[in-house]
Amino acid sequence: MKKQFLRMVSVLVVVAALLSLASCKSGGQSTLRQEFVDNGKNQPYSQNVPLQEMDFDIYFKDIINKMGNAAVEINDNRKIVLSNDIEYFENKNDREPALVLKKGTTIYIHDLRSGIMEGYGLWAWPDYEAGWRYGKPLADNYTDIRTTSIAKSYFVKLEQLALAADDYYNQNDCFNRYSPEEFRKGHLLFMDKILYLEGAFCSPDLEANYSRRDELSG
């Protein structure tokens, strides 16, 4: 009986520890989380609105103002051949993906005229759970990429988008001035950094990759 009680206490301690990481506004050891300042606007992320119901246009102006900070080249090769599958899910707990971009598929990383496209491809929105993103799938033809504003959004694992980011890096010599890790984080966590600096949301993926607020200014 005593062993069962102690085991239950241990489980509750672990659960409590995990819950403390759910928001950058909660207590804990993370300096990045402690330095987060909510903007007080009661925007969707701060209200834990499900991503499928979120109006991301609320954050659009903040994104436009920060566009110049990301590594996008005018002369880059935006047509990339995927070295791994990318699976998109309607819900994170689905056993089967709703859409799969197969290894060897040629996709468009971005629209040449727009550069970074919020919520599309590598720049999917952060989820409340580490390792998951929510956004529009990478398009395998130029017609689709021009109509991403009406495309359906899906959940996708960050680790799979990271492999696509590596493909983008490896298939473009113009990015050699960046380290692979710097390049990867600069794209995949671009939205996370904006949301954090604007006081909108501190994502678990951002906290896993950065220790302090001053590291986000580069």
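Cut-offs and rules
- Residues numbered from 1 in each chain as written.
- Predicted model: local features only at pLDDT ≥ 70, side-chain atom pairs only at ≥ 80, totals over all residues.
- Heavy atoms only, no water.
- Helix = DSSP H or I, 4+ residues; strand = E, 2+ residues; numbered from the N terminus.
- Buried < 20%, exposed > 50% of the residue type's maximum accessible area, 1.4 Å probe, protein only.
- Contact = heavy atoms within 4.5 Å.
- Areas by Shrake-Rupley, 256 points an atom, 1.4 Å probe, with all protein chains shown as cover.
- Pairing = 2+ DSSP bridges.
- Axes fitted to C-alpha atoms, helices over the stretch in contact; angles between N-to-C directions.
- pLDDT = per-residue confidence, 0-100.
- Salt bridge = Lys/Arg side-chain N within 4 Å of Asp/Glu carboxyl O.
- Core = buried A, V, L, I, M, F, W, Y, C linked by side-chain atoms within 4.5 Å.
- Phe/Tyr/Trp six-rings, centres within 6.5 Å; stacked < 30°, edge-to-face > 60°.

1. Points about the overall build of the chain
Looking only at helices and strands, the chain features eight helices and seven strands. Burial analysis of the chain (218 residues in total) assigns 43% to the buried set. Sequence separation of at least 24 residues holds for 62% of the intrachain contacts in the chain that already meet a minimum separation of 6. Per element, the accessible surface of the chain, about 11900 Å² overall, is 51% carbon and sulfur.

2. A word on the sheet that holds strand 6 (residues 132–135)
Here five strands make up an open sheet; going across it, the order is 3-2-7-6-5 and the pairing antiparallel. Unpaired on one side and paired on the other, strand 3 (99–101) and strand 5 (125–126) mark the two borders of the sheet. Where strand 2 (residues 86–89) lies against strand 7 (residues 154–157), two bridges are found, and the strand directions are antiparallel. Note that in strand 7 the partner of Phe-89 across the bridge is Phe-155. Along the sheet, helix 5 (residues 158–170) contacts strand 2, strand 6 and strand 7; its crossing angle with strand 7, the most-contacted strand, is approximately 75°.

3. Here we look at the confidence of the model for the chain
Across the chain, pLDDT averages 80, with 72% of residues at or above 70. Ignoring residues within four places in sequence, the model shows residues 1–23, a span with pLDDT below 50, making six contacts including any to other chains. Here residues 68–72 is modelled with pLDDT under 50, and outside its nearest four sequence neighbours on either side it reaches eleven contacts, counting other chains as well.

4. Considerations on the pairing of strand 2
Summarising the sheet, strand 2 and strand 3 pair through three bridges and their orientation is antiparallel. Bridging across to strand 3, Ile-86 finds its partner in Leu-101.

5. Things to note about the pattern of salt bridges
Under the definition given, this model contains ten salt bridges. We note a salt bridge from Asp-166 to Arg-184, for which the minimum N-O separation is 2.9 Å. In this pair, Asp-166 sits in helix 5 while Arg-184 sits in helix 6 (residues 180–188), placing the two residues 18 residues apart along the sequence. Overall, Arg-184 belongs to the partly exposed group, its relative accessible area being 25%. Two residues, Arg-212 and Glu-215, come together in a salt bridge whose shortest N-O distance is 3.4 Å. A relative accessible area of 38% places Arg-212 in the partly exposed class. For Glu-215, a relative accessible area of 28% gives the class partly exposed. When salt bridges with common partners are traced through the structure, they connect Lys-92, Asp-127 and Glu-129 into a single cluster.

6. What to know about the nonpolar core
Judged by nonpolar contacts, the single largest core of 44 residues is most densely connected at Tyr-45, Ile-86, Tyr-88, Ile-109, Leu-122 and Leu-138. If you list the elements that add at least two residues to this core, you get strand 2, strand 4 (106–108), strand 6, strand 7, helix 5, helix 6 and helix 7 (190–197). With residues up to four places along the chain from it excluded, the contact list for Ile-109 reads Arg-78, Ile-80, Tyr-120, Leu-122, Trp-123, Leu-138 and Tyr-168. Core analysis: the second largest hydrophobic core is formed by eight residues, Leu-189, Cys-202, Leu-206 and Tyr-210 among them.

7. Structural notes on helix 6
Within helix 6 the residues assigned to the buried category are Phe-183, Lys-185, His-187 and Leu-188. On its buried side, helix 6 packs onto strand 6, helix 5, helix 7 and helix 8 (204–209).

8. A short note on unusual backbone geometry
Of note in the backbone geometry, Asn-42 takes a positive phi value of approximately 55° without being a glycine. With respect to the helices, strands and loops of the structure, Asn-42 is situated in the loop between helix 2 (31–34) and helix 3 (60–66). Assessed through its relative accessible area of 56%, Asn-42 is described here as exposed.

9. Comments concerning the packing of aromatic side chains
Inspection of every chain in the model, using the stated rule, returns 16 aromatic pairs. Summarising the aromatic geometry, the rings of Phe-36 and Tyr-196 are spaced 5.3 Å apart at their centres and angled 50° between planes, so their arrangement reads as tilted. Of this pair, Phe-36 sits in the loop between helix 2 and helix 3 while Tyr-196 sits in helix 7; the two residues are 160 residues apart in sequence, bridging distant segments of the chain. Side by side, Phe-36 and Tyr-196 carry an identical accessibility label, which is buried.

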